[in-house]
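Results of the structural survey
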Amino acid sequence: MTGSVTRVAVEIDRGAPVPPAADVDTVVAALRGIAAAVRAEREPDDAPELDSPQLAGIASHLRLVVAALRGPSLDRPRPFPLVRRLLPGQRRLT
């Protein structure tokens, strides 16, 4: 995340336009929401979709942070143990 923010800051310093204020406000709100979710020990909201290509790296990292905080979905069926048992040379279902 910090690398993406630094990249945008360097781009601006080198003459790139400042990202739209609405998108910056959305990123700030998302970061605050993630922090609040961690403090409240609840699942964070979905990361926002941003229109600014300049903020694409930050948006991608926000999605990764949200996914990491949510963790894996252990409720979904996990086919891999079954697949492993059906592979040649593995124990067969009885």
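See above for the structure.
Residues numbered from 1 in each chain as written. Predicted model: local features only at pLDDT ≥ 70, side-chain atom pairs only at ≥ 80, totals over all residues. Heavy atoms only, no water.

1. A closer look at the pattern of salt bridges
Under the convention used in this document: Salt bridge, as used here: a side-chain nitrogen of Lys or Arg that lies within 4 Å of a carboxyl oxygen of Asp or Glu. Each helix is a run of DSSP H or I of at least 4 residues and each strand a run of E of at least 2, with the numbering of both proceeding from the N terminus. The buried label applies to any residue whose accessible area, calculated with a 1.4 Å probe on protein chains only, is under 20% of its type's maximum; exposed applies above 50%, and partly exposed to all values in between.
If you walk through the whole model with that rule in mind, you get 3 salt bridges. A salt bridge links Arg-7 to Glu-11; its shortest N-O distance comes to 2.6 Å. Taken as a pair, Arg-7 and Glu-11 lie in helix 1 (residues 2-13) at a separation of 4 residues, close to a single helical turn. Glu-43 is the partner of Arg-70 in a salt bridge, and the nearest nitrogen-oxygen pair spans 3.4 Å. Residue Arg-70 is located in helix 3 (residues 56-70), and its partner Glu-43 is located in the loop between helix 2 (21-40) and helix 3; the two are separated by 27 residues in the primary sequence. For Glu-43, a relative accessible area of 53% corresponds to the exposed category.

2. Some words on the packing of helix 2 against helix 3
Our working definition: Axes here refer to lines fitted to C-alpha atoms; in helices the fit is confined to the stretch in contact. Angles between the N-to-C directions go from 0 to 180 degrees. Should an angle lie under 35 degrees it is considered roughly parallel, over 145 roughly antiparallel, and from 65 to 115 roughly perpendicular; all remaining angles are considered oblique. Each crossing gets its handedness from the near helix: less than a right angle anticlockwise from the far helix is left-handed, clockwise is right-handed. Residue contacts are defined here by distance: any two heavy atoms, one from each residue, within 4.5 Å place the two residues in contact. In this classification, Asp, Glu, Lys and Arg are treated as charged, Ala, Val, Leu, Ile, Met, Phe, Trp, Tyr, Cys and Pro as nonpolar, and every other residue, Gly included, as polar.
Put simply, helix 2 and helix 3 touch, their axes get as near as 11 Å, and they point 15° apart. With respect to helix 3, the axis of helix 2 lies roughly parallel. Considering only the axes of helix 2 and helix 3, their crossing is left-handed. Residue-level inspection shows Val-27, Ala-30, Leu-31, Ile-34 and Val-38 of helix 2 in contact with helix 3, the latter providing Ile-58, Leu-62, Val-65, Val-66 and Leu-69. Looking at the contact of helix 2 with helix 3 residue by residue, the class counts come to 10 nonpolar, no polar and no charged.

3. Examining unusual backbone geometry
Notably, Glu-41 is not glycine yet its phi reads approximately 55°, a positive angle. Position of Glu-41 among the secondary structure elements: in the loop between helix 2 and helix 3. For Glu-41, a relative accessible area of 75% gives the class exposed.

4. Quick word on the nonpolar core
Here is the rule we go by: Definition of nonpolar core: a set of buried residues of the types Ala, Val, Leu, Ile, Met, Phe, Trp, Tyr and Cys, connected through side-chain atoms within 4.5 Å.
Among the nonpolar cores identified, the biggest contains 11 residues, and these are Val-8, Val-27, Ala-30, Ile-34, Ala-47, Leu-50, Leu-55, Ile-58, Ala-59, Leu-62 and Val-66. Looking at this core, the elements with two or more residues in it are helix 2 and helix 3. In terms of residues, this core owes the most to one element, helix 3, which gives 4 residues. When neighbours within four sequence positions are excluded, Val-27 is seen to be in contact with Leu-50, Leu-55, Ile-58 and Leu-62.

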